[in-house]
Amino acid sequence: DVKVTQSSRYLVKRTGEKVFLECVQDMDHENMFWYRQDPGLGLRLIYFSYDVKMKEKGDIPEGYSVSREKKERFSLILESASTNQTSMYLCASSLVGNTIYFGEGSWLTVV
Amino acid sequence: RKEVEQDPGPFNVPEGATVAFNCTYSNSASQSFFWYRQDCRKEPKLLMSVYSSGNEDGRFTAQLNRASQYISLLIRDSKLSDSATYLCVVNMNTGFQKLVFGTGTRLLVSP
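For clarity, every value in this text was computed on a predicted model and none was experimentally measured. (Residues numbered from 1 in each chain as written. Chains lettered and ligands numbered in written order. Predicted model: local features only at pLDDT ≥ 70, side-chain atom pairs only at ≥ 80, totals over all residues. Heavy atoms only, no water.)

Points about the overall build of chain B
Here's step 1: Within chain B, the regular secondary structure consists of 0 helices and 11 strands.
Here's step 2: Its helices and strands in sequence order give chain B the pattern β-β-β-β-β-β-β-β-β-β-β, from N to C terminus.
Here's step 3: Taking 13 Å as the expected radius of gyration for a compact globule of 111 residues, we find that chain B reaches 14 Å, a close match to that expectation.
Here's step 4: With the principal axes as the frame, chain B shows a C-alpha extent of 45 × 30 × 20 Å.
Here's step 5: Per-residue burial for chain B yields a buried fraction of 46% across its 111 residues.
Here's step 6: Excluding contacts between residues fewer than 6 apart, the proportion of contacts in chain B whose partners are at least 24 apart in sequence is 57%.
Here's step 7: Per element, the accessible surface of chain B, about 5400 Å² overall, is 48% carbon and sulfur. (Helix = DSSP H or I, 4+ residues; strand = E, 2+ residues; numbered from the N terminus. Rg over C-alpha atoms; globule rule 2.2 N^0.38 Å. Buried < 20%, exposed > 50% of the residue type's maximum accessible area, 1.4 Å probe, protein only. Contact = heavy atoms within 4.5 Å. Areas by Shrake-Rupley, 256 points an atom, 1.4 Å probe, with all protein chains shown as cover.)

The structure is reproduced here in structure tokens:
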């Protein structure tokens, strides 16, 4: 089975803090994604990566950056957390053109 | 117009009922379509892909209508365990795997 692991499940951070969300997949997938999910807005794509060191902006990249130094790992970085970044963050991975698989999600609260 | 639209529901049905959801999409060039299921505070999981000729998986039937740009999901003989949010997902085929998620339709199956 495909395994996408988000190591931090529940975080509470203060406004202005730098936040790292880590994601690891074990199926050698080329594509990796970061989404956030908010009530009434559905899943929105923040960034995605189709290869090591490659990244593309999604629909809502402002306030976020990403890093993909190894194929299996894709990190989401909030340089200076703000309260409007309180959300559920979902990492996902896929082979090109195939089904995407999600991690269990990271619940971030910024106070 | 949203790229992918779903009725948020909730759809309240008794056990054993048949229920159907529709989802409309705006990009006529979209090539692939999926239904994902999401339980409360969990990650989305693939329920089924939607093929041009329609497809069935047990009690679940998915249909695609390209002319009217919608997909549908039919659930027969509803079970309590079918209670969840069903997400319509469309691959916009914009040169990379851009999946656009609907905001989901909530289904509640009661005894």
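Regarding unusual backbone geometry
Residues and elements named next belong to chain B.
Here's step 1: Cis rather than trans, the peptide bond between Gly-9 and Pro-10 has omega equal to 10°.
Here's step 2: Looking at where Pro-10 falls in the secondary structure, it is placed in the loop between β1 (4-6) and β2 (11-14).
Here's step 3: Unusually for a residue other than glycine, Gln-69 sits at a positive phi of about 55°.
Here's step 4: Relative to the elements of secondary structure, Gln-69 occurs in the loop between β7 (60-65) and β8 (70-75).

As for the interface of chain B and chain A
Here's step 1: Between chain B and chain A, the contact holds 15 residues from the first and 23 residues from the second.
Here's step 2: In this structure, the connection of chain B to chain A is made through 0 salt bridges.
Here's step 3: Applying the counting rule to chain B against chain A returns 2 residue pairs in polar contact (both at pLDDT 80 or more).
Here's step 4: Of all elements in the fold, only β4 (32-38) and β10 (99-101) of chain B reach the threshold of two or more residues within the side of chain B that touches chain A.
Here's step 5: Looking at the side of chain B that touches chain A residue by residue, the classes come out as 7 nonpolar, 4 polar and 4 charged. (Salt bridge = Lys/Arg side-chain N within 4 Å of Asp/Glu carboxyl O. Polar contact = N/O pair within 3.5 Å; in protein donor to acceptor, adjacent residues only side chain to side chain. Nonpolar A, V, L, I, M, F, W, Y, C, P; charged D, E, K, R; others polar.)

Comments concerning the state of the cysteines
All names here are of chain B.
Here's step 1: Going through the model one piece at a time under the given rule, you end up with 2 disulfides over all chains.
Here's step 2: At a sulfur-sulfur separation of 1.9 Å, the disulfide partner of Cys-23 is Cys-88. Given an S-S torsion of about -70°, the disulfide between Cys-23 and Cys-88 has left-handed geometry. With Cys-23 in strand β3 (residues 19-25) and Cys-88 in strand β9 (residues 84-91), this residue pair connects regions lying 65 residues apart in the sequence. (Disulfide = S-S within 2.5 Å.)

Some words on the environment of Val-12 of chain A
Residues and elements named next belong to chain A.
Here's step 1: Examined against the element boundaries, Val-12 turns out to sit in strand β2 (residues 10-13).
Here's step 2: You can call Val-12 exposed: its relative accessible area is 60%.
Here's step 3: As a C-alpha pair, Val-12 and Trp-107 span 95 residues in sequence and 8.5 Å in three-dimensional space.
Here's step 4: The residues touching Val-12, leaving out its near neighbours within four places in the chain, are Thr-109 and Val-111.

A look at the packing of aromatic side chains
Here's step 1: Applying the stated criterion to the full structure yields 11 aromatic pairs over all chains.
Here's step 2: A network of ring pairs unites the aromatic residues Phe-33, Tyr-35, Phe-48 and Phe-102 of chain A together with Tyr-36 and Phe-101 of chain B as a single cluster.
Here's step 3: Lying across the ring of Trp-107 of chain A, Arg-41 of chain B places its NZ or CZ 3.9 Å from the centre. (Phe/Tyr/Trp six-rings, centres within 6.5 Å; stacked < 30°, edge-to-face > 60°. Lys NZ or Arg CZ within 6 Å of the ring centre and 35° of its normal.)

Here's the deal with the pairing of β7 of chain B
All names here are of chain B.
Here's step 1: Looking at chain direction, strand β6 (residues 55-57) and β7 are connected through 3 bridges and run antiparallel. Each residue of the ladder has a partner; that of Asn-55, found in β7, is Ala-62.
Here's step 2: Hairpin connection of β6 to β7: 2 residues between the antiparallel strands, including Gly-58 at a positive phi of 65°.
Here's step 3: Two strands pair when backbone bridges link them, and β7 and β8 are joined in this way by 6 bridges, in the antiparallel orientation. Bridge assignment links Leu-64 to a residue of β8, and that residue is Ile-71.
Here's step 4: Counted along the chain from β7 to the antiparallel partner β8, the turn is 4 residues long, and its residue Gln-69 has a positive phi close to 55°. (Pairing = 2+ DSSP bridges.)

What to know about the environment of Leu-43 of chain A
Here's step 1: Its place among the elements puts Leu-43 of chain A in strand β6 (residues 42-49).
Here's step 2: Note: C-alpha distance between Leu-43 of chain A and Tyr-89 of chain A (46 residues apart in sequence) is 9.1 Å.
Here's step 3: When sequence neighbours within four positions are dropped, the list of residues in contact with Leu-43 of chain A reads Tyr-35, Arg-36, Gln-37, Leu-90 and Phe-102 of chain A together with Pro-44, Leu-87 and Phe-101 of chain B.

So far we have only geometry, and geometry alone does not tell us how the molecule works.
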